[in-house]
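Listed here are the chains, written in short residue letters.
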Amino acid sequence: PKEGADAKFVRLCSTAQDRVLSPQAKEGGKVDMRDLGAIITVKPGTPLMQRIAATNGEDGYTVFGDMIPACPGKDLPLQPFEGTKLDPDNPNILIADCKGVPVALPRGMRVDDVLCFDNVDIGTGHVDFDGSVIISGDIKDGMQVRASGDVTVLGFVESGIIESASAVTIMQGAIGRKREDNEAFSCKIKAARTISIGYAQYCSVEGEQDLFIERQALHCDLSARRLIRVGKASNPRGKIIGGSVLNAMRIETGELGAPSGTKTRIYLAQNWHDLRQKQVQVSDFEKLLTTKSAALKQARKKAIKIPFPEKRQLLLDKITASEEQINIKVANTKRKKHLIKQKITQLLSISRVKVNELMHPGVELKIAKDSKNFSRIYPPHLVKMSEGKITQSF
């Protein structure tokens, strides 16, 4: 049999992040890195996304001619979010319902109002906006930008604070003041989705999806649920020097640490601790259900001996209803236990550090609960978990 293909979602327009990644070409084959073209906006009725329906696949057959049914693909719906709607003439096309900036989401799109600034400084004050914010200049010292949509900065962030319920893109870089010991960072960037930065120094950067740094991260606290990549996409050659990676699943970089032995802490798969705690809680609940099930069996034995038929039947009905509830909970608990076990296995198999050039002394690596200190220079290699221990492959 040929398996069916899952439903696909194809974007029909560009977003603000695409704009930052697409500098405009000039005459003579050159590119102006500061000219990113017009701000990307859409009008009502503009097509935003197309859904390509799942396929059923093709049935196969055995050598005896018996049919082998194909597994159809997952048919996921197209989801209209704020500022969008389904095309009345074609339910597989999502169109804009208002004017604004398009924002891509997993199975749909959203259209945000956009607020534009040259710079964010004492002249503008702090920015707190329900929509997307585009800053063509810099965010100055001590300024704060909070937005429910994307935040795009074409210049620098100097000891500023950015909080976004969507993605953050900083074209040049983010830099804070040098700090002592456990002093708070003067530059903080937090996003519910992906963060893209030119470079970072003395910053706290926390993303819920991926974190992309184009050149280097110096003495920063970095955190992401999935990938942290420092360098260009195809073969990252950036640098992570000092600071800490508080949590991630994968790290790709050119150099890790510094020749001077600067302390660099890398913590991967720290969600493992939460998953293990959930696993213990589910196991305890499973034991409780087993105890209750045994108690109901004893109650049924006693109920059968009751001499009065009506009273006996009433009690047996109550016990049967309780047993059905217990059985449903047992089945749900087993599914949850299996799911948590799958998540732990997947987390440990995916978590890894890929170094494309050099790893210097002074790197402290922790994956889940296992940790290891590296005290010499290593060439390009991969570090991951194997049979419960941190191993290197060159």
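Cut-offs and rules
Per chain, residue numbering runs from 1 following the sequence as it is written. Residue-level local features of this predicted model are given only where pLDDT is at least 70; pairs of side-chain atoms are given and counted only at 80 or more, and the full residue set underlies all totals for whole chains, interfaces and linings. Working from all heavy atoms in the structure, the side-chain values ignore hydrogens and water. Strands qualify as paired when DSSP identifies two bridges or more between them. Working definition: helices are DSSP H or I runs of at least four residues, strands are E runs of at least two. Numbering for both runs from the N terminus. Each residue's exposure class comes from its accessible area (1.4 Å probe, protein chains only) as a fraction of the maximum for that residue type: buried when under 20%, exposed when over 50%, partly exposed otherwise. To estimate the expected span of a helix, count its residues, drop one, and scale the result by 1.5 Å. Here, residues are in contact when the closest pair of their heavy atoms is within 4.5 Å. In what follows, salt bridge is the name for a side-chain nitrogen of Lys or Arg lying within 4 Å of a carboxyl oxygen of Asp or Glu. Axis lines are fitted to C-alpha atoms, over the contacting stretch for helices. Their N-to-C directions set the angle, which ranges from 0 to 180 degrees. In what follows, roughly perpendicular refers to angles from 65 to 115 degrees, roughly parallel to angles under 35, roughly antiparallel to angles over 145, and oblique to any angle outside these ranges. The crossing is said to be left-handed when, going from far helix to near helix, the turn is anticlockwise and less than a right angle, and right-handed when the turn is clockwise. Residues are grouped as follows: nonpolar covers Ala, Val, Leu, Ile, Met, Phe, Trp, Tyr, Cys and Pro; charged covers Asp, Glu, Lys and Arg; every other residue, Gly included, is treated as polar. Between N or O atoms, a polar contact is any pair within 3.5 Å; within protein, one atom must be a potential hydrogen donor and the other a potential acceptor, and residues adjacent in sequence are included only when both atoms are from side chains. Any cysteine sulfur atom paired with another within 2.5 Å is treated as part of a disulfide. Exposure above 30% relative accessible area and the lack of any salt bridge qualify a residue for a patch; like charges then connect within 9 Å, and the nonpolar side chains Val, Leu, Ile, Met, Phe, Trp and Tyr within 5 Å. Note on areas: these come from Shrake-Rupley sampling with a 1.4 Å probe, and a residue is covered only by the protein chains present in the view. Residues counted as positive are Lys and Arg, residues counted as negative are Asp and Glu, and His and the chain ends are not counted. For the purpose of locating charges, the reference atoms are NZ of Lys, CZ of Arg, CG of Asp and CD of Glu. Stacked, edge-to-face and tilted labels apply to pairs of Phe, Tyr and Trp rings (six-membered ring for Trp) whose centres lie within 6.5 Å, assigned for plane angles under 30 degrees, over 60, and everything in between, in that order. Ring-over charges, as used throughout, are those where CZ of Arg or NZ of Lys falls within 6 Å of the ring centre and within 35 degrees of the ring normal.

## Points about the sheet that holds strand β11 (residues 108-112)
Strand order in this open sheet of three strands is β7-β11-β10, and the pairing throughout is mixed. Every other strand in the sheet has two partners, leaving β7 (79-80) and β10 (101-105) as the edge strands with one partner each. As paired strands, β7 and β11 are joined by two bridges and run parallel to one another. Looking at the pairing, P80 lines up with M109 of β11.

## Observations regarding the pairing of strand β32 (residues 264-268)
Burial of β32 is one-sided: the residues T264, I266 and L268 facing one way are buried, the residues R265 and Y267 facing the other way are not. In terms of strand pairing, strand β30 (residues 244-247) meets β32 through two bridges, oriented parallel. Residue V245 lies in a different strand from β32, and its bridge partner there is I266.

## As for helix α2 (residues 271-304)
Here α2 spans 50 Å end to end across 34 residues, near enough to the 50 Å set by a 1.5 Å rise per residue. The set of residues buried in α2 consists of W272, L275, Q279, V282, L289, L296 and A303.

## Thoughts on the side chain of S164
With respect to the helices and strands, the residue S164 is situated in strand β18 (residues 161-164). With sequence-adjacent residues up to four places away left out, S164 is seen in contact with A147, G149, D150, V151, K190, A191 and A192.

## Considerations on the pattern of salt bridges
Per the counting criterion, the structure on display carries 16 salt bridges. The salt bridge involving D210 is made with R226; its shortest N-O contact spans 3.2 Å. You can see D210 sitting in the loop between β24 (203-207) and β25 (211-213) and its partner R226 sitting in the loop between β27 (221-223) and β28 (227-230), a full 16 residues away along the chain. With a relative accessible area of 13%, D210 lands in the buried category. Residue class for R226 comes out partly exposed when judged on its relative accessible area of 41%. Put simply, R237 and E357 hold a salt bridge, and the shortest N to O gap is 3.2 Å.

## As for the packing of α2 against helix α3 (residues 309-350)
Where α2 contacts α3, the axes come no closer than 9 Å and their chain directions differ by 160 degrees. Viewed along their axes, α2 and α3 adopt a mutual orientation that is roughly antiparallel. Judged by the twist between their axes, the crossing of α2 over α3 is left-handed. For the contact of α2 with α3, a count of residues per class yields 18 nonpolar, seven polar and 13 charged.

## Quick notes on the environment of H126
Tracing the chain through its elements places H126 in the loop between β12 (114-117) and β13 (127-129). The partly exposed category is assigned to H126, whose relative accessible area is 48%. Residues H126 and Q144, spaced 18 residues apart in sequence, show a C-alpha to C-alpha distance of 5.0 Å. Not counting residues within four places of it along the chain, the set of residues in contact with H126 comprises G142, M143 and Q144. From its side chain, H126 meets the backbone nitrogen of Q144 in a polar contact 2.9 Å long.

## Some words on the state of the cysteines
For the structure shown, the criterion picks out zero disulfides. The structure places no disulfide on C187, whose sulfur is separated from the nearest cysteine sulfur, that of C203, by 3.6 Å. By relative accessible area, which is 0% here, C187 ends up buried.

## Structural notes on a positive patch on the surface
A contiguous patch of positive charge, built from K297, K301, K302 and K305, is present on the exposed surface. Mapped onto the secondary structure, K301 falls in helix α2.

## Remarks on a nonpolar patch on the surface
Together, V10, L12 and I52 line one region of the surface with nonpolar side chains, adding up to about 210 Å² of accessible area. Checked against the element boundaries, V10 lands in strand β1 (residues 8-11).

## Side note on the packing of aromatic side chains
Enumeration over the complete set of coordinates arrives at two aromatic pairs. Ring centres 5.7 Å apart and planes at 90 degrees place the aromatic pair F374 and Y378 in the edge-to-face group. Joined through ring pairs, the aromatic side chains of F374, Y378 and F394 make up one cluster. The ring of F212 carries R229 above its face, with NZ or CZ at 4.2 Å from the centroid.

## Comments concerning the sheet that holds strand β8 (residues 84-87)
Reading across the sheet, the four strands line up as β1-β4-β9-β8 and stay open at both edges, with antiparallel pairing between neighbours. The open sheet terminates on both sides in strands that have one partner only, identified here as β1 and β8. Neighbour to neighbour, the strand axes of the sheet diverge by 25 degrees on average, direction disregarded. In terms of strand pairing, β1 meets strand β4 (residues 47-52) through four bridges, oriented antiparallel. Bridge pairing links R11 to M49 in β4.

## Section: α3
The first and last C-alpha atoms of α3 sit 61 Å apart over 42 residues, in line with the 62 Å expected at 1.5 Å per residue. Its buried side turned inward, α3 meets α2.

## Section: a negative patch on the surface
Together, E82, D113, D128 and D130 line one region of the surface with negative charge. By the element assignment, D130 lies in the loop between β13 and β14 (132-135). Residue D130 is classed as exposed on the basis of its relative accessible area, which comes to 61%.

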